[in-house]
Amino acid sequence: MKTIQGKFVAEPERFEFSAAPMHQFELQRRDFFKILGAGIAVFVVAKEALAAQETAPGSPSFHNEEPPREISSWLHVGEDGTVTGFTGKAEMGQNIRTSISQTIADELRVPFESVRLVMADTTLTPFDAGTFGSRTTPTMTPQFRRVAEAARNLLIGVAAKEWNVAPEGLVAADAKVADPSSNRSLTYGELARGKSLAQNLPAEDPVTPATEWKVAGKPLPKVEGRAFVTGSHQYTSDIRLKGMLYGKVLRPPSFGATLTSYDDSAAKAMSGVTVVRGGDFVGVAAPSAHEAQKAIDSIRTQWKEMPQVSSKEIFSYLIKNAEPTSNERFRHEEGSAEQGLSSAAHRLDATYNVAYIAHAPLEPRAAVAQWADGKLTVWTGTQRPFANRDELASIFHIRESSVRVIVPDTGAAYGGKHTSDAAIEAARLAHAAGKPVKVVWTREEEFTWAYFRPAGVIEVKSGVAADGRLTAWEFHNYHSGMSGIETPYDVANQLTQYHQVPLVLRSGSYRGLAATANHFARETHMDALARLVKMDQLEFRMKNLSDARMRAVLEAATKSFGWPRKKTQEGQGFGLACGFEKGSYVATCAELAVDRSSGNARVVRVAEAFECGAIVNPDGLRNQVVGAIIQGLGGALFEAIEFENGRIKNPHFATYRVPRFRDVPEIEAILLDRKDIPSAGAGETPIMAIAPAAGNAFFDATGTRLNDLPLVSNGLRAA
Amino acid sequence: MAKLMEIEVNGKRYAVNYPPDTPLLHVLRDELGLTGTKYGCGEGQCGACTVLLGGAPRRSCQIPVSAVAAKPITTIEGLEKEGKLHPVQQAFLDAGAFQCAYCTSGMVMSSVGLLQTNANPKQEEIVQFLQGNICRCGTYPRIIEAVKHAAKLMQGSAR
């Protein structure tokens, strides 16, 4: 465990899927200059790896240098002045293709339009553990600043040599190096011409402070936006290769079912159809999606099913099946919670339940696989291309270097596309058919055979003094996860524990992971405690908070919202919640309206303040923050996976309700730009506080406390 | 059994040989290569596959190919004219009304359909009309802004 900002943080979230070890960079120097043409290339290398290569950090090395083995990002300036950045991160709607391009343009002093990014391609881009945990901005921003600065200095060095002057007097701007003393200038393209220069750099701090950014920090539009409004962007599911077949997999009737009898004679008799069976995997490849479905439907099977836990009993099951305390992954204790509880003027204990929910990205899992000469190429929308590559290599008993995974900009993931399911299926079918195969999951498959944000039970015991100061805080999370588990409030006596439970449904990462569940429990509990000591919600939180950044977002959100508000109509209520996670802060105020005659509840207005250090692209950030609030409303109000006998009972958009236009409240997003703090990621934390803010507003409106997510499953309906 | 039919898409006529109950979506994507029209659910619940059929927005996953022979079809690829974006496409671009953008084709086609029958829709009318289109990234407020902006662009060009 390590310490960040004086706070204890847990190991990586178990539902984040553990990162694979570093791998060798496959591309050799002669290869990348062959692929990109001559020019200038700069790499960022892990410090240890650089030391091992005995290269002086920052020293230009022009000859005979092999590319380093542990590269995390690199940049190339071509003979035509084209700038290409390489990163293993994937674009899934979080707009990092734009924000990283801005950073490169800013530091290299080139127009934004001249930068392109090659992303998430296991042959062309450096190893990356995956696009998750809000890590892209905090890691890629400083790295690309370093490589861009180094490339700029290399170009200045070339110009200095050319003109036989000292480099110190030269200026780089607008993709040119100029000599102010003689009015000479050369473009980057001219300087790169005929060169094959490479340099390695250690990963260190960013070089240009945020106060001096010129391209970064601006609300630039999404790159390649035109391809999206014209429908010409090729998502994985849009790819069509010559001779490509359509794959379909036969799914068991329930989770854990095993095949007991099997007859594929009708499918095998169909023209152009390949049938594959391996253990319980049954799939077909056919010339059209229609024929593939017909072939699957013709296969006769019998299955042995297993008894399964249902959603009705899940919460008591999780408590009963928690692993022994000795197996806990996370425990944090300060003072004595027991003593703090016994000395409290008021005590409040409560239990909170959080349902399984689905990511439901609009582009379902998809993959296109092609084999040639024993090598496999797979296009798939995954957050972990290198882990997918390794899994494919292991399954098909080939070298990792024989597998190439390419991630086209993807139709969203939200933490839901870590695994390589569709890639494996497509590769298996393509191998058997001897032709490329595309597999696109149906919506029902996506809802059933992907994985879920895990359900959880959270037990809270708390004590508060008569003056409103917290005296004790005991917090137990069963199963849902460790993200955001620690209280940001000042409390001398606290015990926080995460209790592992064996998986019931297949579970994994989700935007914000367990931070939403943990913040829901904590901030709902804080609301109830404030009422117990008859204090205003904001005042009660401020009394127990010393973290200046948290106080700042609370002040900003409540100011914009007009907190405290007076009720002006029947059924109106106001709620507040705040939190910290993954380097960023959020505070959310919500207004909710309940129609008592119909029982409908609707969030009508939200003011959310968010702070993630220096903002790289305020327009992209605003899009993320507003989107997170709206997506978060689904899990807050009505999203829940129902299951029984190993079957998902609501695997359709008609029965699994997601937020639509009518659910959208009036939203004010207040973005605090802290240019003095390194940029943190922003894809997750803005989703955390809307659920407790909505629940607290519901209590304010009705006097009824809802301790379960989703809120409206408690006998109410969302309008 | 497959049947030979003729359909008109974006002003061009195509002979297609498919079972009559095949959803139009599959013919557009797999046969004609018009992949701008997306599969999102196959159940008419998300709007990602929206096309214009005789000018009206329809879910192409719910329409059998045999039912469209008499009516011209417009897909997202058919909106751009001589390199100039349709005002609705331009408005989505100007408003940055997308994140992953997988829903964008369907949102644009539904909005074109709305503006053809209601040149100046009120907020509530936009919400009502687009209620069947899901943006899982939650970009709804910007989409509403884009539709309003498109209405202005179209009125401007009509003058």
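None of the values given here were measured: they were computed from a predicted structure.

1. Examining the layout of surface pockets
No. 1: The computed volume of the second largest pocket comes to approximately 1100 Å³.
No. 2: Forming the boundary of the second largest pocket are 43 residues, of which Lys-248, Gln-293, Thr-442 and Glu-445 of chain A together with Tyr-39 of chain B lie nearest the centre.
No. 3: Elements represented by at least two residues in the lining of the second largest pocket include exactly strand 11 (245-250), helix 8 (289-298), strand 22 (437-440), helix 13 (443-449) and strand 31 (647-648) of chain A together with helix 1 (24-31) of chain B.

2. A word on the sheet that holds strand 26 (residues 494-499) of chain A
All names here are of chain A.
No. 1: Read from one edge of the open sheet, six strands run 16-26-25-24-17-33, paired in mixed fashion. Unpaired on one side and paired on the other, strand 16 (330-334) and strand 33 (708-709) mark the two borders of the sheet.
No. 2: Judged from the two bridges that link them, strand 17 (residues 346-354) and strand 33 form a sheet pairing that is parallel. Residue Val-354 lies in a different strand from strand 33, and its bridge partner there is Leu-709.

3. Considerations on the side chain of Ser-480 of chain A
No. 1: By the element assignment, Ser-480 of chain A lies in the loop between strand 25 (470-478) and strand 26.
No. 2: Of the polar contacts made by the side chain of Ser-480 of chain A, one reaches the side chain of Asn-477 of chain A; its length is 2.9 Å.

4. Let's talk about the interface of chain A and chain B
No. 1: Listed as interface residues are 53 residues of chain A and, on the opposing side, 51 residues of chain B.
No. 2: Three residues stand out in chain A for area buried against chain B, namely Val-229, Leu-362 and Phe-661 of chain A, and they jointly supply 21% of the buried area on that side.
No. 3: Connecting chain A to chain B are six salt bridges.
No. 4: We note a salt bridge from Glu-124 of chain B to Arg-662 of chain A, for which the minimum N-O separation is 3.1 Å.
No. 5: At the boundary of chain A and chain B, one finds 35 residue pairs in polar contact (both at pLDDT 80 or more).

5. Thoughts on the confidence of the model for chain A
No. 1: Taken over all residues, the pLDDT of chain A has a mean of 89, while the share at 70 or more is 89%.
No. 2: Segment residues 1-12 of chain A: pLDDT under 50, and 23 contacts once partners within four positions in sequence are set aside and those in other chains are kept.

6. A look at the sheet that holds strand 9 (residues 184-187) of chain A
Residues and elements named next belong to chain A.
No. 1: The three strands are arranged 7-8-9 in an open sheet whose pairing can be described as antiparallel. In the strand order of this sheet, the two ends are held by strand 7 (171-173) and strand 9, each with one partner. Each strand of the sheet is rotated relative to its neighbour by a mean of 25°, with strand direction disregarded.
No. 2: Relative to strand 9, strand 8 (residues 176-179) runs antiparallel, the two being bridged by four bridges. Paired with Asp-179 across the two strands is Arg-184, which belongs to strand 9.
No. 3: On top of the sheet, helix 4 (residues 136-163) reaches strand 7, strand 8 and strand 9; it is set at about 45° to strand 8, its chief contact.

7. A look at the pattern of salt bridges
No. 1: The final tally for this structure, using the stated rule, is 44 salt bridges over all chains.
No. 2: Ionic pairing is found between Glu-668 of chain A and Arg-605 of chain A, a salt bridge with its closest N-O pair at 2.8 Å. On the criterion of sequence distance, the pair formed by Glu-668 of chain A in strand 32 (residues 666-672) and Arg-605 of chain A in strand 29 (residues 600-611) is long-range, its members being 63 residues apart.
No. 3: Salt-bridge contacts for Glu-639 of chain A lead to Arg-136 of chain B; the nearest nitrogen and oxygen are separated by 3.0 Å. Pair noted here: Glu-639 of chain A is in the loop between helix 17 (618-637) and strand 30 (643-644) and Arg-136 of chain B is in the loop between helix 4 (123-130) and helix 5 (140-158), and the two residues belong to different chains.
No. 4: When its relative accessible area of 4% is taken as the criterion, Arg-136 of chain B is described as buried.

8. Notes on the packing of aromatic side chains
No. 1: Under the definition given, this model contains 17 aromatic pairs over all chains.
No. 2: Residues Trp-473 of chain A and Phe-475 of chain A carry aromatic rings whose centres are separated by 6.1 Å and whose planes lie at 20° to one another, so their mutual orientation is stacked. Phe-475 of chain A matches Trp-473 of chain A in its accessibility class, with the two residues each being buried.
No. 3: Three or more aromatic residues joined by ring pairs make a cluster, and in this case those are Phe-228 and Tyr-235 of chain A together with Phe-98 and Tyr-102 of chain B.
No. 4: Sitting above the plane of the Phe-561 of chain A ring, Arg-565 of chain A keeps its charged end 5.0 Å from the centroid.
No. 5: Directly above the aromatic system of Phe-638 of chain A lies the positively charged group of Arg-657 of chain A, at a separation of 3.9 Å from the ring centroid.

9. A short note on the environment of Leu-592 of chain A
Residues and elements named next belong to chain A.
No. 1: Secondary-structure assignment places Leu-592 in strand 28 (residues 584-595).
No. 2: Sequence separation of Leu-592 and Gly-575 is 17 residues, and the distance between their C-alpha atoms is 8.1 Å.
No. 3: Each residue touching Leu-592, except ones within four places of it in the same chain, is listed here: Gly-571, Gln-572, Gly-573, Ala-601, Arg-602, Val-603, Val-604, Ala-694, Ala-697 and Phe-698.

10. Observations concerning the side chain of Ser-254 of chain A
All names here are of chain A.
No. 1: Among the secondary structure elements, Ser-254 is positioned in the loop between strand 11 and strand 12 (258-263).
No. 2: Taking relative accessible area as the criterion, Ser-254 reaches 1% and is therefore assigned buried.
No. 3: Side-chain polar atoms of Ser-254 contact the side chain of Glu-305, separated by 2.7 Å.
No. 4: Filtering out sequence-adjacent residues up to four positions away, Ser-254 remains in contact with Glu-305, Trp-449, Asn-645, Gly-646 and Arg-647.

11. Comments concerning empty space enclosed by the protein
No. 1: Counted by the stated rule, this structure contains 12 cavities of 30 Å³ or more.
No. 2: Considering only enclosed or pocket space, the largest cavity measures out at about 620 Å³ in volume.
No. 3: Along the wall of the largest cavity there are 39 residues; nearest its centre are Gln-94, Ile-96, Gln-624, Ala-682 and Gly-683 of chain A.
No. 4: When contributions to the lining of the largest cavity are tallied by element, the ones reaching two or more residues are helix 3 (96-108), helix 4 and helix 17 of chain A.
No. 5: When residues in the lining of the largest cavity are grouped by element, the largest group, three residues, is from helix 17 of chain A.
No. 6: Class assignment for the residues of the lining of the largest cavity results in 15 nonpolar, 20 polar and four charged.
No. 7: Of the pockets and cavities examined, the second largest cavity occupies roughly 90 Å³.
No. 8: Along its surface, the second largest cavity is lined by 13 residues, and Asn-95, Lys-222, Gly-620 and Asn-623 of chain A together with Phe-98 of chain B are the ones closest to its centre.
No. 9: Residue contributions to the lining of the second largest cavity peak at four residues, all from helix 17 of chain A.
No. 10: Its residues assigned to classes, the lining of the second largest cavity comprises two nonpolar, eight polar and three charged.

12. Some thoughts on helix 12 (residues 421-433) of chain A
No. 1: End to end, helix 12 of chain A covers 18 Å across 13 residues, agreeing with the expected 18 Å (1.5 Å per residue, within 8%).
No. 2: Count one or two residues on from helix 12 of chain A and you reach Gly-434 of chain A, which has phi positive near 70°.

Conventions adopted
- Residues numbered from 1 in each chain as written.
- Chains lettered and ligands numbered in written order.
- Predicted model: local features only at pLDDT ≥ 70, side-chain atom pairs only at ≥ 80, totals over all residues.
- Heavy atoms only, no water.
- 1 Å grid on protein atoms, 1.4 Å probe; cavity = no way out; pocket = protein on both sides within 12 Å on 5 of 7 lines; lining within 4 Å.
- Points joined across faces, edges and corners; volume = space filled by probe spheres on them.
- Helix = DSSP H or I, 4+ residues; strand = E, 2+ residues; numbered from the N terminus.
- Pairing = 2+ DSSP bridges.
- Polar contact = N/O pair within 3.5 Å; in protein donor to acceptor, adjacent residues only side chain to side chain.
- Contact = heavy atoms within 4.5 Å.
- Buried area = accessible area lost by both parts, 1.4 Å probe.
- Salt bridge = Lys/Arg side-chain N within 4 Å of Asp/Glu carboxyl O.
- pLDDT = per-residue confidence, 0-100.
- Axes fitted to C-alpha atoms, helices over the stretch in contact; angles between N-to-C directions.
- Buried < 20%, exposed > 50% of the residue type's maximum accessible area, 1.4 Å probe, protein only.
- Phe/Tyr/Trp six-rings, centres within 6.5 Å; stacked < 30°, edge-to-face > 60°.
- Lys NZ or Arg CZ within 6 Å of the ring centre and 35° of its normal.
- Nonpolar A, V, L, I, M, F, W, Y, C, P; charged D, E, K, R; others polar.
- Expected span 1.5 Å × (residues − 1).

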